[in-house]
Amino acid sequence: MKKTLTIIFICCFYLSIAQNFYEIKWQGTDGIKYIALVEFFEKENINVRVNYTTKDGAYKVAKYKCVGKYNYNSDGSKFFMFDGQNAEIVYSSKESNVGYSADNFVFKGVNINNQYDKLYTYDDADLADGNLDNVKEATFKKLDPSKDFTKSYIHSFFWTSEPEYIKYTKLISTNQTTSSSTTSSSSSGETFYRLKFKNKCIKPIKVAIRYLDFKDKWSSKGWWTIEPGKTVYVENSPNSLFYYYAKTLDGSLVWSDKDNLRDFNGKKYGFRKLEKSTSKYGSWVTDITCTNLVNDQSTSTTSTTTTSSYTNQYTGEVKLHLIIAADSNDPQIGASVRQDLDDVSNLFQKAAREVGIKYEISKLYDTSFDKASIIAKINSLDIKNNDVVIFYYSGHGYNDTSGYSRFPSMSLDGKDYGLESMHNFIKGKNARLTITLGDLCNSIPRTRSGTKSDEEIPFKSGFLFDEDKLERLFIDSRGSLLSTSSSKGEWSFCMRKSNGSMGNGHFTNAFINSFAKEASKINDNIGSWDQLFNRAYTDAKNNTKYQLNQNGKYGQSGFKSSDIKYN
């Protein structure tokens, strides 16, 4: 029996997020061995680096981009491919005029269950007779950067001065050589504390720490320079007690304790003691704030330094309350709504775990998809003043075009309710951050139509969240945001898969995609709700640009009302 290999397939509109890495290996007809590092963004944006050693001993690295797409053999069988384009040599240990032809990767024998038989690679010369069976067979695996990446591995593809090298080395786990067997009680599943410092002073500071390592030994380490407003991740420790010494670069401010002098690099420093008040593992942020600036080092003073599990000027621990109302039983769009329900829940659950905050997810669907049940659920939540509340609606909607509100009404079982009214009701709970968003029509009739999408592709992107960006989104933000997926007088559209079944709503897909990009470790986004939503509106608009809407315009145009600010 022919062995069938399976990798996770997912619709291009489902979670096409710039997050995952893959390794492909093959051997050429001349015996040269090639290793490709594939960074999968969207199917239209796949970055590839290939390293290899030639017969004369020259070590080379080539780079190029690929586009993912389906093609068909002459017998009608389908295959998925990475179409390589515009290759160039970026490193050669020996001078050479020989270039590189971009590779193409073919997943052959794709069946109706989106499984493939074999993976091949070829360049244009290999297809002279048009027969895919002449190309080279390759091996493929998904990489976990925290485990599979090392500095030497990344350096085998990139110069150390390249931005990619700097970004990818940050993905390497600091605990590749350490372990702990204790059971974690944290929401993130960790069994240690991640020690971080946030500089809330107006001057750059540098920090040294004394901590208990995983070999049960006290160690001192430094220095980390922290610019104003920035957070630096310094070390991991299994102990709820550690010490630190900090000062501004100009020496005008010092954070120390003369009663706890310790040797560090041949000099004595007074280290301040910090102790965790709870046993909750995960990120432990120490905020350093200067309130009295002086110029004379001999009269240096220090401010109060606070430590907490993601707290700011608001009080108490942060908790995310996610409420999702979904019209999952609707005969027209129920399948799309159910996918929205699962994917939005999964997104925020992963984000909360990564940033180390508590979370509670309330799903209202089936027999609880009515105004009374939704209001009762919200009223039952123990919402504190430092919490985050996100309400997500997926279902039918409409707008009385003679009405005053630009935002639509939710078509619930029984009595309907305006999205803006829901937002104002939740704002009354006085959480630090309130976000209400809906994927629904903003027109008459009350429906979400389906649109044809591209076919499924054989790569599932994951989440590589940057904790600092997540902190800015969930910890350092305050205010409210109300969003809808289409403008007044417009429908909102669902994706339709190649097999005819419903996919996500266009806006929900674009929102998930944009969220992962905004909080990604491998780009320069800052963690902004406004940028996140604006990108989602643009993507949803582009993906529906051929759909004639009720107002005579093409596509759907989401919008928001926001007053979110950041610490």
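Residues numbered from 1 in each chain as written. Predicted model: local features only at pLDDT ≥ 70, side-chain atom pairs only at ≥ 80, totals over all residues. Heavy atoms only, no water.

Summing up its helical and strand segments, the chain has nine helices and 32 strands in all. Within the chain, buried positions represent 54% of all 567 residues. In the chain, 68% of the contacts between residues at least 6 apart in sequence involve partners at least 24 apart. For the chain, the accessible area works out to roughly 25000 Å², and carbon and sulfur atoms hold 46% of it. (Helix = DSSP H or I, 4+ residues; strand = E, 2+ residues; numbered from the N terminus. Buried < 20%, exposed > 50% of the residue type's maximum accessible area, 1.4 Å probe, protein only. Contact = heavy atoms within 4.5 Å. Areas by Shrake-Rupley, 256 points an atom, 1.4 Å probe, with all protein chains shown as cover.)

The eight strands lie next to each other as S1-S2-S3-S4-S5-S6-S7-S8, forming a closed barrel whose pairing is antiparallel. Averaged over all adjacent pairs, the angle separating strand axes in this sheet is 30°, with direction ignored. Relative to strand S8 (residues 136–143), strand S7 (residues 118–122) runs antiparallel, the two being bridged by three bridges. In the strand pairing of S8, Thr121 is matched with Lys136. (Pairing = 2+ DSSP bridges. Axes fitted to C-alpha atoms, helices over the stretch in contact; angles between N-to-C directions.)

Bringing the sheet that holds strand S23 (residues 397–398) into the picture now. Here three strands make up an open sheet; going across it, the order is S23-S24-S25 and the pairing antiparallel. Here the strands that pair on one side only, and so sit at the sheet edges, are S23 and strand S25 (417–418). Across two bridges, the pairing between S23 and strand S24 (residues 409–410) is antiparallel. Residue pairing across strands places Tyr398 opposite Ser409, the latter belonging to S24.

Another aspect to go through is the confidence of the model for the chain. Summary statistics for the chain give a mean pLDDT of 80 and a share of 80% for residues scoring 70 or more. Throughout residues 174–189 the model reports pLDDT below 50, and contacts reaching past four residues in sequence, or to other chains, amount to 33 contacts. Contacts for the low-pLDDT stretch residues 452–458, under 50 throughout, to residues beyond four places or in other chains number 32 contacts. (pLDDT = per-residue confidence, 0-100.)

Once that is clear, we can look at helix H5 (residues 371–380). When H5 is considered as a whole, its buried residues turn out to be Ile374, Ile375 and Ile378. Angularly, the buried residues of H5 cover 95° about the axis, an arc narrow enough to put them on a single face. What points out from H5, more than 90 degrees from its buried face, is the exposed set Ala372 and Ser380. If you check the start of H5, you find a side-chain oxygen 3.2 Å away from the backbone N of Ala372, and it comes from Asp370. (Arc of directions from axis to C-beta. Polar contact = N/O pair within 3.5 Å; in protein donor to acceptor, adjacent residues only side chain to side chain.)

Another point: the packing of helix H4 (residues 334–355) against helix H7 (residues 467–474). A pair of packed helices is captured by two measures, namely the crossing angle of their axes and the spacing between those axes. In the contact formed by H4 and H7, the axes pass within 9 Å of each other and the chain directions differ by 110°. By the criterion of interaxial angle, the relationship of H4 to H7 is roughly perpendicular. Here Phe348, Ala351, Glu354 and Val355 of H4 come into contact with H7, specifically with Glu467, Leu470, Glu471 and Phe474. Residues belonging to the contact of H4 with H7 are distributed by class as follows: five nonpolar, no polar and three charged. (Parallel < 35°, antiparallel > 145°, perpendicular 65-115°, else oblique. Nonpolar A, V, L, I, M, F, W, Y, C, P; charged D, E, K, R; others polar.)

A few words now on the packing of aromatic side chains. Evaluated as defined, the whole model comprises 48 aromatic pairs. Look at Phe82 and Phe107: their rings are 5.9 Å apart centre to centre, the planes differ by 75°, and that puts the pair in the edge-to-face class. Taken together, the residues Phe82 in strand S5 (residues 78–92) and Phe107 in strand S6 (residues 104–108) connect sequence positions 25 residues apart. Between Phe533 and Tyr537, the ring centres sit 6.1 Å apart and the planes meet at 45°, which makes this aromatic pair tilted. Within this pair, Phe533 and its partner Tyr537 are both found in helix H9 (residues 529–543), separated by four residues, close to a single helical turn. Under the relative-accessibility criterion, Tyr537 is labelled buried at 9%. (Phe/Tyr/Trp six-rings, centres within 6.5 Å; stacked < 30°, edge-to-face > 60°.)

Pairing of strand S20 (residues 319–326) with strand S21 (residues 358–364) involves seven bridges; the strand directions are parallel. When the bridges of S21 are listed, Lys319 appears paired with Lys358. In this region the chain leaves S20, passes through H4 and returns to the parallel neighbour S21; the handedness of that crossover is right-handed. (Right-handed = clockwise from strand over helix to strand, strands pointing away.)

Orientation of H4 relative to helix H8 (residues 506–518), taken along the N-to-C sense of each, is 15°, at an axis distance of 10 Å. It follows that H4 is roughly parallel to H8 by the angle criterion. Remark: the crossing between H4 and H8 carries left-handed chirality. Contact residues: Asp340, Asp343, Val344, Leu347, Phe348 and Ala351 in H4; Thr508, Phe511, Ile512 and Phe515 in H8. The class makeup of the residues in the contact of H4 with H8 is seven nonpolar, one polar and two charged. (Left-handed = near helix turned anticlockwise from the far one by under 90°.)

What follows is about the environment of Glu227. Positionally, Glu227 belongs in the loop between strand S11 (218–226) and strand S12 (231–237). Judged by its relative accessible area of 41%, Glu227 is partly exposed. Considering only alpha carbons, one finds Glu227 and Ile202, 25 residues apart in sequence, at a separation of 8.5 Å. In this view, Glu227 contacts Asn199 and Pro204; residues no more than four positions away in its chain are not counted.

The subject of this paragraph is the pattern of salt bridges. On inspection of all chains with the given rule, the structure shows 14 salt bridges. Put simply, Glu467 and Lys196 hold a salt bridge, and the shortest N to O gap is 2.5 Å. Pair noted here: Glu467 is in helix H7 and Lys196 is in strand S9 (residues 193–199), with a separation of 271 residues, a long-range link. For the pair Glu467 and Lys196, a shared accessibility class is recorded, and that class is buried. The closest approach of N and O atoms between Lys384 and Asp382, which form a salt bridge, is 3.4 Å. Relative accessible area serves as the criterion here: at 45%, Lys384 is assigned to the partly exposed category. (Salt bridge = Lys/Arg side-chain N within 4 Å of Asp/Glu carboxyl O.)

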